Structures are given as structure tokens and as C-alpha cells.
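Residues per chain, in single letters:
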Amino acid sequence: MGARTQRVSVVYLGGFGRSGSTLVERVLGAVPGWVNVGEVVDLARSVAPHDELCGCGEAFSSCPVWTRVGELAFGGWTDEVLERIRSAHRGAARQRHLPGLLPDLPRPRRVPTPSAALASLRSDYAAIYRAVAEVTGSSVVVDASKGPALGQALAGAPGIDLRVLNVVRDPRAVAWSWQREVARPHDATGSEQMWRIPAHRAAAQWSGLQLEMASIARWGGVPTARLRYEDFVADPVGSLVAATTDLGLPLAPEQLPAVDDGAILLEPSHGLSGNPSRFRSGVVRLRRDEAWASEMPAAARAVVTGLTLPLLVDYGYAPTPRSAPAVAGAAAGTAPDRRTVT
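Residues numbered from 1 in each chain as written. Predicted model: local features only at pLDDT ≥ 70, side-chain atom pairs only at ≥ 80, totals over all residues. Heavy atoms only, no water.

1. Here we look at the overall build of the chain
Step number 1: Helix and strand counts for the chain stand at 13 helices and nine strands.
Step number 2: In the chain, which comprises 342 residues, the share counted as buried stands at 56%.
Step number 3: Long-range pairs, those at least 24 residues apart, make up 78% of the contacts in the chain between residues at least 6 apart in sequence.
Step number 4: Carbon and sulfur atoms make up 53% of the accessible area of the chain, which amounts to about 14200 Å² in all. (Helix = DSSP H or I, 4+ residues; strand = E, 2+ residues; numbered from the N terminus. Buried < 20%, exposed > 50% of the residue type's maximum accessible area, 1.4 Å probe, protein only. Contact = heavy atoms within 4.5 Å. Areas by Shrake-Rupley, 256 points an atom, 1.4 Å probe, with all protein chains shown as cover.)

See below:
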């Protein structure tokens, strides 16, 4: 069984975790005709198998939207379907597969025909996106799965018009966020913690993924744009108008949720996985968190700055932290205030 054939635009948010993609995705999902789905990459590998919570607060198996999406796309979220998606991802959309997925990359020989795993992955994701669009009555689906290779792999999905938005954040803020202890509310038992990554590893991964995003922008053959999280927090409407215009899916300011004195009203969504801000709704205050500048150990800060310096400068981040005081609150992925998202 499959969703009725329709062409669906997909805005794929790419980059590294703790860069603000969950919040960006939710704001875009509040646009009429747009819907955010969280990180679909985790649907088959963790959300469905562990019956994790949807952004609406229901367990995945009880969420009426995802239940209907599964029925429409595959006749249900069976173990066979989930394993097929996981297997195809392993076989076609890991980091090592990215060079072979770039159609405009100069190479000495003809690009081979897509593998069976890649064809299967594209077909299944296309079925999911089309079903989401049909169930929610939307024409644009926002997927914050982030992995560059997966995004590029899906560029050839049948009936899918893919656009890639690189959400990037100061790597020192990202590294500091990855070192904090944060509860993972997606887990129905309430006992799981978000992963933690040491500063040097976070810096290396940030740089590696950003270079992959740059390769997609140059050789991927898909519309791409970049959005700095800091610019988004400073001017959510203006920055998203500019980013969507660059993607060829221009939004007008009045289509986006209104921002009043740094606060925005967000309704619950059916996004999957992501950081704890997935579960916050109502009036949400946007803050640029620079706690890393005063709280991050100097040695760790120096390591991250050194490892990311070329891209840090290229993206307009100051190598030396500002003298301004850090904003109270935590980095992306923490929640000292249920109405504050950073």
C-alpha cells in the first residue's frame, strides 16, 4: 500500500546536532501548508522500535498522525518495513557514501546506476513524505534529520523536490552543549540521557559535517542555503525569509509566526526525536546563549577554536569570545526554563 502519487517539496535541514535545527524546523512547520516531522532518520532506528514519544506527547504507536502515515505509506509500521529502511540507510546513506552521491563531482568514470539499497531508501522515504503531506494537508515537509549523506541520497527520491538548508551554529556553543547532561524526554520511561561528546570530538565532527554540507552545495545539484542559528535568533522572520528565498521556496513575513519582543508562539507538532525543545509549546522566548564564553573551560574552548578556525572565520564568528555577559539559560538541548529555547 502507498500514498497517492503527488509531488512534495522537502526542506532537509543538514548540519551537526545542537545547532538549533529543532527550533528552526518547528518555526518553519508553523507556516500554513508546511509541516515539520522532526528527524525521520530516527523513525526506524529508535522511535518506532522503542515506541518513543512524538512531539505531540503521545507514544509513536498511539499518535494518530504517524499511525495514519504508516498505514498510507506501507500498510503499517511493520518490523519488515522498519528493518528494510534501516538496512537501506546502512547500505546507501552513510558518510562514506557521500562522494558517490554527488552528481556534479568531477570523477574519472561514469556515475554507476543507483544501488538496490539506494533505490529502496529513496522509495521508502518518498512514501513517508507523500503520506505526511497527504495526512496533514501540506505541500512542504521539513525534515531535520541533519546527516548530509542522507539528505543527498534523498535528492533522487521519486516525486520529491528536495532543498537543503544548512543550519550552523558557533562550534564552541555546539561543543559546550554536547558536554552537558541533558535528560532525553523522548524516552517514555524518563530515564534516558542525551549523548555527550567531548569538546575535541564535537569540533572535529562539526568541521567534517560542514565540509560535507559545502560539498553538497557545490556538487550536489540541489538548491541549498545556509542559516546561522545566531542570525535566526536575532531575526527569526527576516532570516527565514532570506533562507527560503535562497532555496526557491520564498516565504513572506506574514506567513511566519509573529515574533513579539523575542517571543514566538508555537503549537505542539508531530516532530520526532531531536532535542528537548521538541516538547515545548506555547509562548517560547528565543535567546542567543553564549554561556560557553564564560563557563566553558579555557583549554576546551581553545581546542575547539583551533580545530574549527578556518570555517569559524569563514562563517563570520569571532575567534575571540565577546566581552558581553553570557545569557542565562542553557545551550541547545537543555531546558532550565520550559519556555526558553536556545
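Still more ground to cover, so stick around.
2. Remarks on the pattern of salt bridges
Step number 1: Throughout the structure, instances matching the rule amount to 11 salt bridges.
Step number 2: In this structure, Glu39 and Lys146 form a salt bridge, with 2.6 Å as the shortest nitrogen-oxygen distance. Of this pair, Glu39 sits in the loop between strand S2 (34-36) and helix H2 (41-47) while Lys146 sits in strand S3 (residues 140-146), placing them 107 residues apart in sequence.
Step number 3: We classify Glu39 as buried; its relative accessible area is 9%.
Step number 4: Here Arg84 ties to Asp124 by a salt bridge, and the two come within 2.8 Å at their closest N and O atoms. On the criterion of sequence distance, the pair formed by Arg84 in helix H4 (residues 79-92) and Asp124 in helix H6 (residues 116-136) is long-range, its members being 40 residues apart.
Step number 5: Through salt bridges with shared partners, a single network forms among Glu83, Arg86 and Arg90. (Salt bridge = Lys/Arg side-chain N within 4 Å of Asp/Glu carboxyl O.)

3. Digging into the nonpolar core
Step number 1: With 53 residues, the main nonpolar core has Trp66, Trp77, Tyr125, Tyr129 and Val141 as its most contacted residues.
Step number 2: Per element, the largest residue contribution to this core is 10 residues, and it comes from H6.
Step number 3: By size, the runner-up hydrophobic cluster in this structure holds 30 residues, among which are Val24, Val27, Val241 and Val284. (Core = buried A, V, L, I, M, F, W, Y, C linked by side-chain atoms within 4.5 Å.)

4. Details of the environment of Val164
Step number 1: Among the secondary structure elements, Val164 is positioned in strand S4 (residues 160-168).
Step number 2: Its relative accessible area of 3% is what places Val164 among the buried residues.
Step number 3: Taking the C-alpha atoms as reference points, Val164 and Pro148, separated by 16 residues in sequence, lie 9.0 Å from one another.
Step number 4: Other than its neighbours up to four places away in sequence, Val164 contacts Tyr12, Met213, Val222, Pro223, Thr224, Ala225 and Leu247.

5. A few points about unusual backbone geometry
Step number 1: Even without glycine at this site, Asp51 takes up a positive phi of about 50°.
Step number 2: Relative to the assigned elements, Asp51 resides in the loop between H2 and helix H3 (64-74).

6. As for the packing of H3 against H6
Step number 1: Contact pair H3 / H6: the axes reach a minimum separation of 8 Å and the direction vectors enclose 130°. In terms of axis orientation, H3 runs oblique to H6. Like other packed secondary-structure pairs, H3 and H6 cross with a definite hand, here right-handed. In contact with Val65, Trp66, Arg68, Val69, Leu72, Ala73 and Phe74 of H3, H6 contributes Asp124, Ala127, Ile128, Ala131, Val132, Glu134, Val135 and Thr136.
Step number 2: In terms of residue class, the contact of H3 with H6 is built from 11 nonpolar, one polar and three charged. (Axes fitted to C-alpha atoms, helices over the stretch in contact; angles between N-to-C directions. Parallel < 35°, antiparallel > 145°, perpendicular 65-115°, else oblique. Left-handed = near helix turned anticlockwise from the far one by under 90°. Nonpolar A, V, L, I, M, F, W, Y, C, P; charged D, E, K, R; others polar.)

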